[in-house]
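Next come the chains, spelled out residue by residue.
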Amino acid sequence: MRNLWIFVSRYNAFFFFVIFFITGIVLTVKNNAYQRSVTVNSTNKVVGDVYNNLNILKKYMNLGMVNDSLSAENARLKTEILALRSVDTARDVTIKDTMGTPQYTYLAARVIKNSITLRNNVITINKGSLDDIKPGMSVISPGKGVVGYIRDVSEHLATIQSLLHQKTYVSVSIKKNHAVGSLIWGERNLDYRKAYIKEIPNHFKVKLGDTVVTSIYSKFPSGIPVGTVSNTGIATGGNFMTIEINLINDFSTLQYVYVIKNKYAAEQQALEAKNSDEQ
Amino acid sequence: MNSKLILVNITRWVILLLIQILLLRNLSFYNMATPFTYILFLLLLPFGIPNIVLYLVAFFTGLTLDAFYDTLGVHTTACITLVFVRILFISVTVSRDGFDEPEPTLGNMGFKWFLLYALFCTFSHHLVLFLLETFRLTELSYTLLRCLMSGMFTLFTVVLVEFIFYNRKAR
């Protein structure tokens, strides 16, 4: 027993290493699992506050650009309203949008932490469970395409699993021929302006510059622009092709995002869960 | 270990982590190389510290970084690995009773020793960091390339900071 103790204390560096290393690995694996119980991340109040305060400077520097994009969006929305409420002179009645309660509602939130340089990027925003944000909700940026899914939520803050994350898949389709594929980012190329679409069947014709939008199968509302095709010549050797696209969304200057609340999300989930039981 | 040394190390911790979180987190060369200069703090911890304290300090440094990077466990494990390599390296190269210098800085230990020391520690840290961050083996070659690039970048900044802040003492 004594010899054992001498042995352990002599090589204590190694034994401590094993203990702490295993602790670290356990934390990593736990964080990778879908259910995360530990909140050592940027939804944590202290960390969130730091980012919130630090972001003030950055916000001022980008103010002009944000203003421009917001006014551009305002203008677009105004024209849309005009189109919806236009007066039909032939019949002299005002046509209004009759859809009483829309399926999707948007909630604007400010980005307080963003990263584009990592393998798995996470964005933090300044709205949380008090604003009815739940994990799994989809997030888009003002008029500029998809951002990601909500990941962790605390009272006043939430993190978004960015599109620039190896676990984010978005179902997208080519706008002109509705070929459906799945959008991924960062296999051997961590450029934040580029992404890849996989699993598009070979018989579809795709040209450079074709617009890519979210498909009807995605968690996002369908038809949201994602990017434009920039390279079609990636050899895969299978029945499916891989396409490189330029993302419309510039993740490096992201300031505001819209969290999309789907009114029928819970209903759809319950229905689909029933399906998967029977398989 | 006197109180001045502790104070110096705490200040160093705060400054290096602030720089890492505010500045270097947003820095990247061609999406390949990102510097993690905060490991300089772990490299410069004094010689006399007991191993368990070293590991605890590394653990909480890593945990703090993880909270800000939203990568729970990745930096923690990498820092633990760095400390293990550090202990091994120091036990092999520095005689046990000859701790006449308080800290393993460039000025105290000489350029050759420090470069080798930083090289081993940096690459062990980065290897664990990038493998855990990717967490899959299908992109192994690309991950290793990123690890190599970032490692060189980190090593460069670490040695640079050492050259700026520490004067060579007459040995």
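(A) Focus on the pairing of strand β14 (residues 256–262) of chain A. Residues and elements named next belong to chain A. Relative to β14, strand β3 (residues 104–113) is paired through seven bridges, and the arrangement is antiparallel. Across the sheet, the residue bridging to Ala109 is Val257, located in β14. Here strand β5 (residues 138–140) pairs with β14 via three bridges, running antiparallel. Each residue of the ladder has a partner; that of Ser138, found in β14, is Ile260.

(B) Summary view of the packing of helix α2 (residues 12–32) of chain A against helix α4 (residues 74–93) of chain B. In contact at an axis separation of 8 Å, α2 of chain A and α4 of chain B are set at 165° when each is read in the N-to-C sense. Judged by the angle between their axes, α2 of chain A and α4 of chain B are roughly antiparallel. Handedness of the α2 of chain A/α4 of chain B crossing: left-handed. Residue-level inspection shows Ala13, Phe17, Phe20, Phe21, Gly24, Ile25, Leu27 and Thr28 of chain A of α2 of chain A in contact with α4 of chain B, the latter providing Val74, Thr76, Thr77, Ile80, Thr81, Phe84 and Ile87 of chain B. For the contact of α2 of chain A with α4 of chain B, the class distribution of residues is ten nonpolar, five polar and no charged.

(C) Inspection of the sheet that holds strand β7 (residues 158–162) of chain A at higher detail. All names here are of chain A. Read around the barrel, six strands follow the order β3-β4-β7-β6-β5-β14 and close on themselves; strand pairing throughout is antiparallel. The sheet shows a mean angle of 45° between the axes of neighbouring strands, taken without regard to direction. Most of the contacts of helix α3 (residues 45–61) go to β3, to which it runs at about 85°, and overall it touches β3 and β4 (122–125).

(D) Molecular detail of the interface of chain A and chain B. The interface is formed by 30 residues belonging to chain A together with 32 residues belonging to chain B. Secondary-structure elements contributing two or more residues to the side of chain A that touches chain B are α2 and α3 of chain A. Of all the elements, α2 of chain A adds the most residues to the side of chain A that touches chain B, at twelve residues.

(E) Local environment of the domain arrangement of chain A. Residues and elements named next belong to chain A. Taken domain by domain, chain A holds domain 1 (2–61) and domain 2 (106–263). For domain 1 versus domain 2, the separation of C-alpha centres amounts to 29 Å. On the domain 2 side, the residues contacting the nine residues of domain 1 number ten residues. Here the side of domain 1 that touches domain 2 is composed, by residue class, of one nonpolar, seven polar and one charged.

(F) Main features of the confidence of the model for chain B. Residues and elements named next belong to chain B. Of all residues in chain B, 94% have pLDDT values of 70 or greater, and the mean over the chain is 87. Confidence, read as mean pLDDT per element, is least for helix α5 (residues 106–109) in chain B (81) and greatest for helix α2 (residues 39–43) (93). Model confidence for the complex: the whole-complex pTM is 0.82, and ipTM, which rates the interface, is 0.84.

(G) The pairing of β4 of chain A, seen in detail. Residue and element names in this part refer to chain A. Residue alternation in β4 divides its side chains into two sets, Val122 and Thr124 and Ile123 and Ile125, and both sets are buried. Sheet topology note: the β3/β4 ladder contains two bridges and is antiparallel. Bridging across to β4, Lys113 finds its partner in Thr124. Pairing of β4 with β7, which is carried by four bridges, proceeds in the antiparallel orientation.

(H) Geometry of α2 of chain A. The terminal C-alpha atoms of α2 of chain A, which comprises 21 residues, lie 30 Å apart, in line with the 30 Å expected from a rise of 1.5 Å per residue. Where α2 of chain A is concerned, the buried positions are Phe16, Phe17, Phe20, Gly24, Leu27, Thr28 and Asn31 of chain A. Take α2 of chain A and look down its axis: the buried residues cluster within an arc of 105°, on one side only. The exposed residues of α2 of chain A that point more than 90 degrees off its buried face are Val18, Ile22 and Val26 of chain A. Buried-residue contacts for α2 of chain A involve α3 (51–69), α4 and α6 (111–134) of chain B.

(I) Region of the structure containing the nonpolar core. Formed by 87 residues in total, the largest nonpolar core has its most connected members in Val139, Ile150, Ile160 and Val257 of chain A together with Ile39, Leu42 and Val83 of chain B. No other element matches α6 of chain B, which puts eight residues into this core. Both domain 1 (2–61) and domain 2 (106–263) of chain A contribute no fewer than three residues apiece to this core. Once residues lying within four places of it in the same chain are set aside, the contact partners of Val139 of chain A are Val147, Gly148, Tyr149, Ile150, Ile160, Val257, Tyr258, Val259 and Ile260 of chain A.

What counts and how
Residues numbered from 1 in each chain as written. Chains lettered and ligands numbered in written order. Predicted model: local features only at pLDDT ≥ 70, side-chain atom pairs only at ≥ 80, totals over all residues. Pairing = 2+ DSSP bridges. Helix = DSSP H or I, 4+ residues; strand = E, 2+ residues; numbered from the N terminus. Axes fitted to C-alpha atoms, helices over the stretch in contact; angles between N-to-C directions. Parallel < 35°, antiparallel > 145°, perpendicular 65-115°, else oblique. Left-handed = near helix turned anticlockwise from the far one by under 90°. Contact = placed C-beta atoms within 7 Å. Nonpolar A, V, L, I, M, F, W, Y, C, P; charged D, E, K, R; others polar. Domains from an automatic or database assignment. pLDDT = per-residue confidence, 0-100. Buried ≥ 20, exposed ≤ 12 C-beta atoms within 10 Å, placed from the backbone. Expected span 1.5 Å × (residues − 1). Arc of directions from axis to C-beta. Core = buried A, V, L, I, M, F, W, Y, C linked by C-beta atoms within 7 Å.

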